[in-house]
Amino acid sequence: MGAFVILNASAGWQEQETAPETVRRVFDSHGIACNVTVAAAGSDIGELAAGAVREGARLVVAGGGDGTLRAVASALAGTGVTMGVLPAGTLNHFARDLEIPLDVAAAAETAAAGIPLEVDVAEVNRRVFINNASLGIFPTYRFERVRRERRGRGRLPAFLGAVWSAFRRYPFLQVALEVNGRRVVRRTPYLVIGNNEHAMEGFRPWERERMNEGLLWIYIARDRARRGLLRVALKVLTGRLRAEDEFEVLHAPEVRVETPRRRIGVSLDGEVFPLETPLEFRSRPRALRVMAPAGSRFFVEPEPQRQ
């Protein structure tokens with residue numbers, strides 16, 4: 001098998017009807033056998049990717065948002081099988097950081113003829129994530145939004161209702177972190193653990209300059225009232241966010257997070273999972289091979305060997 005392509009039918013495709021044929025055409029132009037599967041809502045995308053690996057695929061292409069990419073990366077990390085990316089989500093953090101085009105044809109070209117890079121993944125309690133994990137107010141908001149959408153609410157009403165519900169409840173976390181051999185106890189409205197350093201400033205606080213430093217970056221929001229959260233949101237919207245003003249920042253290859261709760265909702269790349277505590281986070285350096293554009297800033301030419 002050459003390439004196995006998984007297109008999530010639930011993603012925000014601009015060219016959903018033509019995407020499968022576009023992808024096949026691009027791979028055919030490079031002489032690569034290509035199997036395209038359109039995954040219906042509710043499909044186990046991670047299992048589809050794992051099945052492709054078992055069948056001998058050397059390239060598995062994930063078409064969808066960051067949640068789809070996370071599911072495929074979970075199946076591929078540590079296998080040596082390369083991942084291609086066809087971004088079709090709302091924010092597309094992973095694709096943007098790797099400078100993968102958002103256009104279907106251009107992204108397929110990258111997947112078929114780009115360069116393979118080795119990037120880090122992270123995991124918590126053996127669940128892989130590629131961008132970040134968060135605890136506190138964001139999982140609360142995300143859970144409420146999904147619940148409203150499943151009840152038939154439109155996207156905008158679901159979004160506004162979830163924001164209001166999370167803001168009204170405004171849950172605080174009591175957390176104890178074991179990091180770099182010391183214990184850190186904090187009360188915080190939210191905690192973010194990034195796979196590599198996030199900018200946490202400007203208009204795109206989630207951007208990363210590196211994706212292979214082998215570190216988790218821990219951002220602990222300072223203990224603030226609701227109006228403090230509104231101020232942070234305003235700073236993001238106006239590009240004035242500064243990490244040192246709003247977060248306590250730590251970094252380490254692994255971190256243990258304890259809470260008084262036996263189970264807690266954790267957002268992994270935007271999807272919420274109920275996980276048993278304590279939470280054991282770790283970086284898996286260069287565990288994932290992914291196709292990136294030939295001019296990627298993450299690609300370093302090998303040094304010429306001396307004669």
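Residues numbered from 1 in each chain as written. Predicted model: local features only at pLDDT ≥ 70, side-chain atom pairs only at ≥ 80, totals over all residues. Heavy atoms only, no water.

1. Structural notes on helix 1 (residues 19-29)
Quick note on the threshold: Each residue is placed in one exposure class: buried if its accessible area under a 1.4 Å probe, protein chains only, is under 20% of its type's maximum, exposed if it is over 50%, and partly exposed if it falls in between. Counting from the N terminus, the helices are the DSSP runs of H or I reaching at least four residues and the strands are the DSSP runs of E reaching at least two. The directions from the helix axis to the C-beta atoms form the arc being described. We call two residues in contact when some of their heavy atoms are within 4.5 Å.
Burial in helix 1 covers these residues: Ala-19, Pro-20, Thr-22, Val-23, Val-26 and Phe-27. Projection of helix 1 onto a plane perpendicular to its axis shows the buried side chains occupying an angular sector of 165°, all on one side. Along helix 1, exposed side chains directed more than 90 degrees from the buried face belong to Asp-28 and Ser-29. On its buried side, helix 1 packs onto strand 1 (3-8), strand 2 (34-39), strand 3 (59-64), strand 4 (82-87) and helix 5 (104-113). After helix 1 finishes, the residue Gly-31 shows a positive phi value of roughly 70°.

2. Examining the sheet that holds strand 11 (residues 216-221)
Put simply, the rule reads: What makes two strands pair is DSSP finding at least two bridges between them. Note on definitions: angles span 0 to 180 degrees between N-to-C directions of axes, and those axes are lines fitted to C-alpha atoms, for helices only across the stretch in contact.
Judged by pairing direction, the sheet is antiparallel, and its six strands sit side by side in the order 12-11-10-7-14-15 without closing on themselves. Of all the strands in the sheet, just strand 12 (247-252) and strand 15 (271-276) have a single pairing partner and so form its edges. Averaged over neighbouring strand pairs, the angle between their axes works out to 25° when direction is ignored. With five bridges joining them, strand 7 (residues 132-136) and strand 10 (residues 190-195) adopt antiparallel strand pairing. Paired with Ser-134 across the strands is Val-192, a residue of strand 10.

3. Details of the nonpolar core
For the record, the criterion: Nonpolar core, defined: a set of buried Ala, Val, Leu, Ile, Met, Phe, Trp, Tyr and Cys residues in which side-chain atoms within 4.5 Å join the residues together.
Core analysis: the biggest nonpolar cluster contains 52 residues, and Phe-27, Val-60, Val-72, Met-83 and Phe-94 have the highest contact counts within it. In terms of residue count, the dominant contributor to this core is helix 3 (residues 66-76) (six residues). Apart from the residues within four sequence positions on either side, Val-60 is in contact with Phe-4, Ile-6, Ala-49, Ala-52, Val-72, Leu-76, Val-81, Thr-82, Met-83 and Gly-84. Counting 26 residues, the second-largest nonpolar core is a separate cluster that includes Leu-177, Val-184, Ile-264 and Val-266.

4. Description of the pairing of strand 13 (residues 254-258)
Burial along strand 13 is one-sided: Val-255 and Val-257 are buried, while Glu-254, Arg-256 and Glu-258, pointing the other way, are not. With four bridges connecting them, strand 13 and strand 16 (residues 279-292) associate as antiparallel partners. Bridged to Glu-254 within strand 16 is Arg-282.

5. Considering the side chain of Thr-68
Note the following rule: Polar contact criterion, stated in full: a pair of N or O atoms within 3.5 Å, where within protein one must be able to donate a hydrogen and the other to accept it, and residues adjacent in sequence count only if both atoms are side-chain atoms.
Inspection of the secondary structure puts Thr-68 in helix 3. There is a polar contact of 2.9 Å between the side chain of Thr-68 and the side chain of Asn-8. With residues up to four places along the chain from it excluded, the contact list for Thr-68 reads Asn-8, Ile-45, Ala-62 and Gly-63.

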